[in-house]
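Overview (structure and organization)
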Amino acid sequence: MVASSALKAKNKQMKNKRIVLSCLIILLTGVIYFAVQTLQKNGTHRADFSGEWKSKESISMGGNIVCCYNSGDRMLAKTMKITEEANFLIVEVSSSFPGTTAVTGQEKLAFGGKESESQINHSREWGKKFTVKLSDDGQTMIVNSIVHKMVPTPYHVDVQELMLVYVTEVWKLSNDGKSISVQANAKSNLFGAERSWKTVFDKAS
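Here's what I pulled together on the structure shown here.

Cut-offs used in this document
Residues numbered from 1 in each chain as written. Predicted model: local features only at pLDDT ≥ 70, side-chain atom pairs only at ≥ 80, totals over all residues. Heavy atoms only, no water. Core = buried A, V, L, I, M, F, W, Y, C linked by side-chain atoms within 4.5 Å. Buried < 20%, exposed > 50% of the residue type's maximum accessible area, 1.4 Å probe, protein only. Helix = DSSP H or I, 4+ residues; strand = E, 2+ residues; numbered from the N terminus. Contact = heavy atoms within 4.5 Å. Pairing = 2+ DSSP bridges.

**Concerning the nonpolar core**
For soluble globular proteins, the rule of thumb is that nonpolar side chains tend to be buried together. Within the largest apolar cluster, 37 residues are counted, with the highest numbers of intra-cluster contacts made by Ile-82, Met-141, Trp-171 and Ile-180. Counting residues per element, the ones that place at least two in this core are β2 (79-84), β3 (88-95), β6 (123-134), β7 (140-153), β8 (156-173), β9 (179-188) and β10 (195-203). A per-element tally of this core places β8 first, with 5 residues. Contacts of Met-141, omitting those with residues within four sequence positions, involve Phe-49, Leu-89, Leu-109, Phe-111, Val-132, Lys-133, Leu-134, Glu-169, Val-170 and Trp-171.

If you want it as structure tokens, here you go:
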């Protein structure tokens, strides 16, 4: 009789352990599931620079440095179509000076700080060198560029001199991914004090 009671008690303990173990497994499965769902949600919905963006004025217009660029350059564009890849952005635009025919253009902004170079107006005397860095969270991009151009010397239009314009653009993507603010600074070896201005692009699609 005593042995039978002991056996029943042992079986009850084993049953309780199985119930507790089952509950722990279910609880652990639920924790893992919700953790994975959260990670996937964050990864899927992280905003990036991709999309079509529109502004009331171009980046260069705000600082009145439009003379540094030519039709087809992204700095003259009010609308930009951006495709973001792992290591670079592709910026497609159609831009021009007022009253002139728009020209399509494309610029690749490669991350990592390696210097790139492009010619403006297909001329060796007019071009720019630039570097691009993207923050770890993918929300901020810094573009540093140097534009070089031969321009007439004041009071001696037949004499050309080299103009250098140093431009820094800090692109910040809003947390909801619906706007990009571009804080720009420019200074030159020819014009006066440094210029600072802000341009905001809203997402169109």
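Anyway, onward from the coordinates.
**Things to note about the pairing of β8**
Every other side chain in a regular strand lies on the same face of the sheet, so the side chains alternate between the two faces. Relative to β8, β7 runs antiparallel, the two sharing 14 bridges. Paired with Thr-153 across the bridge in β8 is His-156. Taken together, β7 and the strand that follows it, β8, pair antiparallel across an intervening segment of 2 residues, in which Tyr-155 is found at a positive phi of about 70°. Direction of pairing for β8 relative to β9: antiparallel, over a ladder of 9 bridges. Along β9, the bridge assignment pairs Lys-172 with Ser-181.

None of the figures reported here should be taken as evidence of function without further support.
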